[in-house]
Amino acid sequence: MSAAEHTGTPPNRAFGRVFGEAAGLYDAGRPAYADALVTEVLAYADLGGGAALEIGAGTGKATVLFAAHGVPLTCVEPDPRMAEVLRRNTARFPGVQVEVGGFEEWEPAGRRFGLLFAATSWHWVDPQRRWDAVHAAVRPGGAVALFWNPHGVVDAGLYAELAEIDRRHGVATSPHNVPASSYGADAGSGEADFWPEAECRRDGRFTDLRAFRFRQDVRYGTDRYLDFLASISSYRVLPAERREQALAETARLLDARGGGIDMLHLSDLFLARRA
């Protein structure tokens, strides 16, 4: 998702159900999360062999990283097509259980988890219900980890040309709708200053709020970047012909600029603990 989707105002939740039609593209094109982020989450949660709950697990971009550390996982994913890919991607991890359904309607059935995490999915969860649902699922003292991947275009001129393609075709948000220069120079922060923080603090049932930012430079070839774009909700909801036109123009531009795009890739992490 683009950074623009990660604000206090959630996007149209119907957009969150369009990924399944492009589950393969989603799995191939979406970036992974920083290993340092996973290490930070696990150190904070201190599970001691306990289980974790992932909401909006998608195809398992984050799931496999936590499962590889031996964490038993229950994954809640609303789209059965995404869940099918998720099951394939985690088949080698016997501790991963996949349950299909929306988190707002999901029932913990008496289970309480030492860690709940959401990887680029929190903004799709109903803001009127999400913290109640988290509180019901996490044991006292348990951890909450919300993280996502903002991007920024390194080349300011390329950013402007891509923004014009988006404008022309009615693309609301995309990974390239922010220049890399808009992000600060700090590699990380211990301050809780990311967008879920104010909402979590208002809720009042969570403490020990922290935030971190992990940075890396990533080069996308044209084909990989188009796969990434084709998995984004703002492209999925376009009429097919309009979507293909936007992607074709983007491809021509990137090919003319050396066959790809250099991006600043961030992994932003927000942590909290049930009081």
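Residues numbered from 1 in each chain as written. Predicted model: local features only at pLDDT ≥ 70, side-chain atom pairs only at ≥ 80, totals over all residues. Heavy atoms only, no water.

## Things to note about the pairing of strand E1 (residues 52-55)
The condition is simple: Three labels apply to residues, based on accessible area from a 1.4 Å probe with only protein chains included: buried if under 20% of the type maximum, exposed if over 50%, partly exposed otherwise in between. Each helix is a run of H or I in the DSSP string that is no shorter than four residues. Each strand is a run of E no shorter than two, and both are numbered from the N terminus. Here, a strand pair is defined by DSSP locating no fewer than two bridges between the strands.
Along E1, one buried face is formed by Ala52 and Glu54 and the opposite face, lined by Leu53 and Ile55, is buried too. In the sheet, E1 pairs with strand E2 (residues 73-77) via 4 bridges, with the strands oriented parallel. Residue Glu54 lies in a different strand from E2, and its bridge partner there is Cys75. Where E1 and strand E4 (residues 113-119) come together, 3 bridges link them in parallel fashion. Residue pairing in the sheet places Leu53 in a bridge with Leu116 of E4.

## Description of the packing of helix H6 (residues 156-169) against helix H10 (residues 240-256)
Applicable threshold: Between N-to-C directions, angles span 0 to 180 degrees; the directions come from axes that are lines fitted to C-alpha atoms, helices contributing only their stretch in contact. When an angle is under 35 degrees it counts as roughly parallel; over 145 it counts as roughly antiparallel; between 65 and 115 it counts as roughly perpendicular; any other value is oblique. We call a crossing left-handed when the near helix sits turned anticlockwise from the far one by less than a right angle, and right-handed when that turn is clockwise. Contacts are assigned to residue pairs that have any heavy atoms within 4.5 Å of one another. We call Asp, Glu, Lys and Arg charged. Ala, Val, Leu, Ile, Met, Phe, Trp, Tyr, Cys and Pro are nonpolar, and the rest, Gly among them, are polar.
Following both chains from N to C, one finds H6 and H10 inclined at 165 degrees, their axes separated by 10 Å at the closest point. Here H6 lies roughly antiparallel to H10, going by the angle between them. The element H6 and its partner H10 pack so that their crossing is right-handed. Each of Leu158, Glu161, Leu162, Ile165, Arg168 and His169 in H6 lies in contact with H10, whose residues at this interface are Arg242, Gln245, Ala246, Glu249, Thr250, Leu253 and Leu254. Partitioned by chemical class, the residues of the contact of H6 with H10 number 6 nonpolar, 3 polar and 4 charged.

## As for the nonpolar core
The test is simple: The set of buried Ala, Val, Leu, Ile, Met, Phe, Trp, Tyr and Cys residues whose side-chain atoms join them within 4.5 Å is what this entry labels a nonpolar core.
One finds Phe66, Leu73, Leu115, Phe117, Phe147 and Leu269 to be the most contacted residues of the largest nonpolar core, which totals 33 residues. Counting residues per element, this core draws most heavily on helix H2 (residues 35-45), which supplies 6 residues.

## A few points about the side chain of Thr74
Tracing the sequence through the fold places Thr74 in strand E2. Classification of Thr74 as buried rests on a relative accessible area of 7%. Each residue touching Thr74, except ones within four places of it in the same chain, is listed here: Ala52, Leu53, Glu54, Gln97, Glu99, Trp106, Arg111 and Phe113.

## Concerning the pattern of salt bridges
Basically, it comes down to this: Whenever Lys or Arg places a side-chain nitrogen within 4 Å of a carboxyl oxygen from Asp or Glu, that contact is recorded as a salt bridge.
By the definition in use, this model includes 17 salt bridges. Here Glu161 makes a salt bridge to Arg257, at a shortest N to O gap of 2.3 Å. A residue pair is termed long-range when its members are at least 10 positions apart, and Glu161 in helix H6 and Arg257 in the loop between H10 and strand E8 (260-274) qualify at 96 residues. A relative accessible area of 34% places Arg257 in the partly exposed class. Here Arg168 makes a salt bridge to Glu249, at a shortest N to O gap of 2.4 Å. With Arg168 in helix H6 and Glu249 in helix H10, this residue pair connects regions lying 81 residues apart in the sequence.

## As for the side chain of Arg273
Looking at the secondary structure, you find Arg273 in strand E8. Not counting residues up to four positions away in its chain, the partners in contact with Arg273 are Tyr44, Gly141, Gly142, Ala143, Arg205, Phe206, Thr207 and Asp208.

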